[in-house]
Amino acid sequence: MDATSLAFLSTTAAAIAFAATPAAAQTGDDEIIVTGSRIAKNEFTSADPIQVIDPETAKRQGQVQLADVLQSTPAAQGSIQITSAISNRFVANGGNDVQTVSLRGLGAERTLVLINGRRAGPAGIRGSVAPFDLNVLPLSVARQVEVLKTGASSIYGSDAVAGVVNILTRNDLNGFEGGGFSSVTEHGGGESYGVDASFGKTFDRGHFFATVDYFRQQNLTRRDRGFLFCSEEYLKREADGSRADIVDFRTGRPACSSTQANMIVFSDFSGIDENGFPTFGPGLIAPNGQAIFAGQYGNQFAGVGIPINTYNPIGVFGPADFFGVNFDGPSTGALNQFEPVEQNMDVFSDVRRVSAFVEGAYDVTDAITAYGEFLFSNRKSHSNGFQRIELEQFTGASVLPFFLCNPAANNCDPTDLGDPFNGEFAGNIILRPRVLVKSESSANVDYYRGVLGLRGTLGGGWKWDVSGQHSRSDASYTQDVIYRDAVASQTLRTRSCAGTETAIRGVPCIDIDFTDPRVLRGDFTPEERAFLTGRETGRTLFKQTSAEALLTGKLFDLPAGAVSTAFGANIRRDEIDDTPGEATLAGNVANFTTSGITAGRTVSKEIFGEVEIPLLAGVPMIERLTLSGAARYTHVAATSRGGAKDSFSDTTWKVGADWAVTDWLRFRGTWGTSFRAPALFELFLEDQTGFLGQQDIDPCIQTGARLAAGAISQRIFDNCAAAGIAPDYAGGIGPATIVSGGGIGRLKPETSTAKTVSVILTPDLSGALWGGLKARLAVDYFDIRVKDEITLLGAGNIVRGCYDSDFADEPLCDLFTRVTAGPDAQSIATVTDRYVNISRQRNRGVDLSLAIDQDLGNLGALAFRAQMTWQVEDKVALFPGTEIDDNGKIGNPKWVGDFNLGWTKGGWTLFYGLDVTGAASNMKDLLRAQGGDACRTSSFRPGGRFCPDVSVPATFYHSLSLSRDVAERFRITLGVANLFDTPPPRVSTVVAATPPVIGQAPAFGTQYDYLGRRFFLSVRGKL
């Protein structure tokens, strides 16, 4: 490709990598195009810190996806990334199986991804599509990846807050090339396979390149790995460090702590309060023979000495084959918290991708070149999960629940004699059966992207480039649902529903006995399953269209060189239309997050300019001193489908300096601002509902004990009391409904500042003493501050912010409601959590990049590369005066490193790689939540005080491979990733501040490997 193309920002492997100097594409006049600038310059003159990634190095480590490569870079590895495992378990922007990259922990929405120097449109499902999905571009297409590790909105526009990832595609192939790889796990599950075929041709007036790629990753279930299989409490006794977990007497091993199911939670009425409402105490029962491991251990309930009649005697109100649990250690160990349907849930989905990429350029005349790109990708993914059906039923007639009648008002219907299908239970009881059912989800994402442009030269060395591009993500998503109206028909019933219809679907109602052991274990008849569950499909369409014009050249000459400039204009339109499935739109989905139609568009108009001024050259202590500057004005107009409008505008700027003291010592620095307009989903997301437990969000639970322990402030205690909530309030049972949505008309754009200061050492060590040794070292300090960051506050922060305030006029108090009557009185009913601008976020630290090459003569050559990041600060302030410090927590370690060593001789390459994630701890959060003492005592756990373990050591992942090149036309690589089969570190799962990543004991952090040891083989050949 002609290196005058400013649009492609192309680079070559001949440049110095690992941020010691920027990557570049060499031209005849020693000018290059560098990511982070629109001006062609000498390869030593970039003021920005840039990391260059060679995909071939990544492949030698066993990395098979572009997401694997980018998410493992130190600038990304120090924070949680959105992977398939995360996006399938939690609500993630882009939906199921999306994979994105977030630099500096600032979020994928603040990392701009380019393909050949141009913004790439996003892909995904549901209403919150925003970041670029790394799935759409196969690793086989990438020639080189450059990571600009600082803000660059003045160069590239909105979203380049934390940095820029520029993916450069291949363009140098002559002939045919094909290859394939296989990555097989030692323990089964999660295997990956891929094949690709390419053709390229370079001719006098241009070039052409095309490739087709197929990728398959098989699913990984919890059953496939021992450390995923059972979520143990992982508690340790303070005295001797021995395990203090509750033991499952059926297995003799620590009990699993996951989703309670295949049991009945009951409330035994013990009287009526002054308002005529029933009072009751909680309990748990499980059917004999229907617990987890039913086939192996179920009948042991009666033979293990459990005093089944000492706690809410079962024989008094229920059948003899149900037994009380959760009243002492052994009985709690028998809780059913890990059903087979949960054991078989996917951690990684089954994913299949087909991609096609075409790129070319043709010299129409000696001064004009036409160029184009086309990318198509189809991703199909399927995931197995589960949902829990939980409802309320009651028995007895002497004391009826308030919602049917009020005994004090004498308005009870004598025919309401309790659930007619729960005749085996007697007494005044509310029963809450809990049943797990299998739930599948799938996505089908088609992504198209096309680029067409012209570039050329003018007189005086000026160059121009005009281009347009369009991307389209057309996706469907299918999920199993539990119908809310079906669950409602079985809740709190006093008579048969036969002959009636459900409230929303209008289908004939079916009576189901949820106390039947058959039903409790999820063994529904086909008719019952069709009545309770169904399947729906939604569609998401996201389109992005843009055009850009650029002019660059030299203004005039100074003694130290020519003053160069670039300026241009850009217009872009983004549009989303997400229509969920029929049940979701009707509000007839239980458990799942639901939303309405999300639709709207934004139009962005920008003008920008850049200048580079060489001040001094060839004087004492200044071999070269260059200043650079850039500015951009952006205006964004937003319009919803309903006609609501908003607009945002800002001017961003950036200045930089590059000072070469000598030919081996250089200093550089940048200071600039960035700008991010609200994303489409942040503006237009239609009301999206979710559910959270009361313990997760209500600060008024047990305020007396928590105040004494120092876990809450006096102000929270006083405000909860002023709201009529008693100090011993235990909290509600039912979850709160959380409603989130877009903030059009209420949001303003994010602004940020980014500073970098660097020192680069490139000493000449090629003398006799060192032989062929070459060394390059770069140390970069970065400091990024984001103001008015757009986010969801979170339901817990909203409620706590209300009670930790002056209370009377705090607007947060208007965003939630409490239940006013009934057994769940005073529990939180709803929380409205819309996108808002919070106070600020700051991330700063130090990057170190080291490259050493040693020529060994007849023994070959050694190459060592190291990338490290020390995170000094990672803080978020939701409100003025409040601050959350994530630095050093699990998932956000203070230090990460990536090291590799290669030895090459005669076509052989032996490669060793090491990825390190530093130690981390959540102990500060735990001590704060528990009043300064993390350890506890419990009659359920004899042996004295026990303590959670919420700290993890540094984790090391090793890889080793051997490659053989034959005549530069054939390469075979054989290797092992995670050489020592290192599992994720373990943490306690039953304490605050340590949520597991997918509901199991391994620590919450995408830095950790869930696949285990795997063997990989890749083969490539050219014709």
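Analysis parameters
- Sequence order sets the numbering: in each chain, residues are counted from 1 along the sequence as written.
- Given that this is a predicted model, residues contribute local features only at a pLDDT of at least 70 and side-chain atom pairs are listed and counted only at 80 or more, while totals for whole chains, interfaces and linings are drawn from all residues.
- The basis for the side-chain values is all heavy atoms of the structure; hydrogens and waters are excluded.
- Starting at the N terminus, helices and strands are each numbered in turn, a helix being any DSSP run of H or I of at least four residues and a strand any DSSP run of E of at least two.
- Each residue is assigned to one of three classes by its accessible area relative to the maximum for its type, calculated with a 1.4 Å probe on protein chains only: buried under 20%, partly exposed between the two thresholds, exposed over 50%.
- Any two residues whose heavy atoms approach within 4.5 Å at even a single point are treated as in contact.
- For every accessible area listed, the method is Shrake-Rupley and the probe measures 1.4 Å; residues are considered covered only by the protein chains on display.
- Should DSSP find at least two bridges between two strands, the strands are regarded as paired.
- Angles shown run from 0 to 180 degrees and are taken between the N-to-C directions of axes, each axis being a line fitted to C-alpha atoms and, for helices, limited to the stretch in contact.
- Grouping buried Ala, Val, Leu, Ile, Met, Phe, Trp, Tyr and Cys residues that are joined through side-chain atoms within 4.5 Å yields what is termed a nonpolar core.
- Disulfide assignment relies on a single distance test, namely cysteine sulfur atoms paired within 2.5 Å.
- Roughly parallel refers to an angle under 35 degrees, roughly antiparallel to one over 145, roughly perpendicular to one between 65 and 115, and oblique to any angle outside these ranges.
- Each residue receives one of three labels: charged for Asp, Glu, Lys and Arg, nonpolar for Ala, Val, Leu, Ile, Met, Phe, Trp, Tyr, Cys and Pro, and polar for the others, Gly being one of them.
- Aromatic pairs are defined between Phe, Tyr and Trp rings, using the six-membered ring for Trp, whenever the two ring centres lie within 6.5 Å; interplanar angles under 30 degrees are classed as stacked, those over 60 as edge-to-face, and all others as tilted.
- We count a charge as sitting over a ring when the NZ of a lysine or the CZ of an arginine lies within 6 Å of the ring centre and within 35 degrees of the ring normal.
- Charge counting treats Lys and Arg as positive and Asp and Glu as negative, with His and both chain ends excluded.
- By definition, a salt bridge exists where a carboxyl oxygen of Asp or Glu is found within 4 Å of a side-chain nitrogen of Lys or Arg.
- What qualifies as a polar contact is a pair of N or O atoms within 3.5 Å, subject to a donor-acceptor requirement within protein and to the restriction that residues adjacent in sequence count only when both atoms come from side chains.
- Cavities and pockets were defined on a 1 Å grid built from protein atoms only: a cavity is a group of points that admits a 1.4 Å probe but offers it no way out, a pocket is an open group of points flanked by protein on both sides within 12 Å along at least five of seven lines, and a lining residue is one with an atom within 4 Å of any such point.
- Grid points are joined across faces, edges and corners, and a volume is the space filled by probe spheres set on the points.

Engineer: Mind laying out the overall build of the protein, listing which residues take part and the relevant values?
Structural biologist: The helix and strand inventory of the protein stands at 20 helices and 49 strands. Expressed as a percentage of the 1023 residues in the protein, the buried residues total 56%. Excluding contacts between residues fewer than 6 apart, the proportion of contacts in the protein whose partners are at least 24 apart in sequence is 73%. In the form shown here, the protein has an accessible surface area of approximately 39000 Å², with 57% of it arising from carbon and sulfur atoms.

Engineer: Give me the lowdown on the sheet that holds strand S10 (residues 235-237), citing residues and values where you can.
Structural biologist: Taken together, 3 strands build an open sheet; the order of strands is S10-S45-S44 and the sheet is antiparallel. Only two strands of the sheet have a single partner each, and these edge strands are S10 and strand S44 (936-938). The average angle at which neighbouring strand axes cross in this sheet is 45°, direction not considered. Sheet topology note: the S44/strand S45 (residues 941-948) ladder contains 2 bridges and is antiparallel. From the neighbouring strand, Ser938 faces S45, where its bridge partner is Arg941.

Engineer: Before we move on, could you go through the pairing of strand S6 (residues 175-185) and cite the residues and values that matter?
Structural biologist: Summarising the sheet, S6 and strand S7 (residues 192-203) pair through 9 bridges and their orientation is antiparallel. Of the residues in S7, the one forming a bridge with Ser183 is Ser192. Hairpin connection from S6 to S7: 6 residues lie between these consecutive antiparallel strands, with Gly188 at a positive phi of about 85°. Pairing geometry for S6 and strand S49 (residues 1014-1022), over 9 bridges, is antiparallel. By the bridge assignment for S49, Gly178 is matched with Gly1021.

Engineer: Residues and numbers for the nonpolar core, please.
Structural biologist: Residues Leu70, Phe132, Val165 and Ile167 are the most contacted members of the largest nonpolar core, which totals 41 residues. For this core, the secondary-structure elements that each account for two or more residues are helix H2 (66-71), helix H3 (74-77), strand S2 (111-115), strand S4 (142-148), strand S5 (163-169), strand S20 (429-457), strand S21 (463-483) and strand S33 (772-787). The leading source of residues in this core is H2, at 4 residues. The residues touching Phe132, leaving out its near neighbours within four places in the chain, are Gln99, Thr100, Val113, Ile115, Ala120, Gly121, Pro122, Ile167 and Tyr447. By size, the runner-up hydrophobic cluster in this structure holds 26 residues, among which are Phe322, Ile482, Phe514 and Val589.

Engineer: I'd like a description of helix H19 (residues 795-803), backed by residues and values.
Structural biologist: Ala795, Ile798, Val799, Gly801, Cys802 and Tyr803 are the residues of H19 that are buried. If you follow the buried residues of H19, they end up packed against strand S29 (688-692), helix H16 (694-697), helix H18 (714-722), strand S30 (736-740), strand S35 (816-818) and strand S36 (828-832).

Engineer: Could you give an account of the state of the cysteines, with specific residues and numbers?
Structural biologist: Tallied over the full model, the rule gives 5 disulfides. Between the sulfur of Cys230 and that of Cys256 lies a disulfide, 2.2 Å long from S to S. An S-S torsion of about -125° defines the bridge between Cys230 and Cys256 as left-handed. Here Cys256 lies in the loop between strand S12 (253-254) and strand S13 (263-272) and Cys230 lies in the loop between helix H6 (226-229) and S10, a separation of 26 residues in the sequence. The disulfide partner of Cys935 is Cys947, and the gap between their sulfur atoms is 1.9 Å. Residues Cys935 and Cys947 share a disulfide whose torsion about the S-S bond is about 105°; that sign makes it right-handed. Pair noted here: Cys935 is in the loop between helix H20 (923-929) and S44 and Cys947 is in strand S45, with a separation of 12 residues, a long-range link. Since its relative accessible area comes to 14%, Cys947 is described here as buried.

Engineer: Go over H18 with me, naming the residues and quoting the values.
Structural biologist: Side chains three or four residues apart in an α-helix point the same way, a direct result of the helix having 3.6 residues per turn. Among all positions in H18, only Ile716, Phe717, Asn719 and Cys720 are buried. Among the structural elements, helix H17 (703-708) and H19 are those in contact with the buried residues of H18. Two residues or fewer after H18 comes Gly724, characterised by a positive phi angle close to 85°.

Engineer: Could you give an account of the packing of H18 against H19, naming the residues involved and the relevant values?
Structural biologist: Closest axis-to-axis distance for the H18/H19 pair is 8 Å, and the angle between their directions is 85°. With respect to H19, the element H18 is oriented roughly perpendicular. From H18, Arg715, Ile716, Asn719 and Cys720 reach across to H19, where they touch Arg800, Cys802 and Tyr803. Broken down by class, the residue content of the contact of H18 with H19 amounts to 4 nonpolar, 1 polar and 2 charged.

Engineer: Could you give me a rundown of the packing of aromatic side chains, with the residues and numbers involved?
Structural biologist: This structure, assessed with the given rule, holds 13 aromatic pairs. Note on Trp659 and Phe667: the rings are 5.5 Å apart at their centroids and 35° apart in plane angle, and the pair reads as tilted. Among the aromatic side chains, those forming a connected cluster through ring pairs are Trp870, Trp895 and Phe899. If you follow Arg205 out to its NZ or CZ, it ends over the ring of Tyr362, 5.9 Å from the centre.

Engineer: Tell me about the sheet that holds strand S3 (residues 118-119), residues and numbers included.
Structural biologist: In spatial order, the strands read S1-S4-S5-S2-S3; together these 5 strands make up an open sheet with mixed pairing. Taken across any chain shown, the strands that pair with only one partner, and hence form the sheet edges, are strand S1 (50-53) and S3. Sheet analysis places S2 next to S5, joined by 5 bridges and oriented parallel. By the bridge assignment, Leu114 is partnered in S5 with Asn166.

Engineer: I'd like to hear about the side chain of Asp833, residue by residue, with values.
Structural biologist: With respect to the element layout, Asp833 can be found in the loop between S36 and strand S37 (836-837). With no salt bridge to any partner, buried Asp833 finds its closest opposite charge in Arg834, at an N-O distance of 9.0 Å. Polar contacts involving the side chain of Asp833 include one to the main-chain amide nitrogen of Leu793, which spans 3.2 Å. Excluding residues that lie within four positions of it along the chain, Asp833 makes contacts with Ile738, Val739, Ser740, Gly741, Leu792, Leu793, Gly794, Ala795 and Ile798.

Engineer: Any details on the environment of Cys230? Residues and values, ideally.
Structural biologist: By relative accessible area, Cys230 is classed as buried at 12%. Non-local contacts of Cys230, meaning those with residues more than four positions away in its chain, are made with Pro254, Ala255, Cys256 and Phe338.

Engineer: Residue-level account of empty space enclosed by the protein, with values.
Structural biologist: For the structure shown, the criterion picks out 11 cavities of 30 Å³ or more. For the largest cavity, the calculated volume is near 910 Å³. If you go around the largest cavity, you meet 45 residues; those closest to its centre are Asp68, Thr1006, Tyr1008, Asp1009 and Arg1014. Mapped onto the lining of the largest cavity, the elements with two or more residues apiece are H2, helix H4 (84-89), strand S8 (206-217), strand S17 (350-363), strand S42 (908-917) and strand S47 (955-966).

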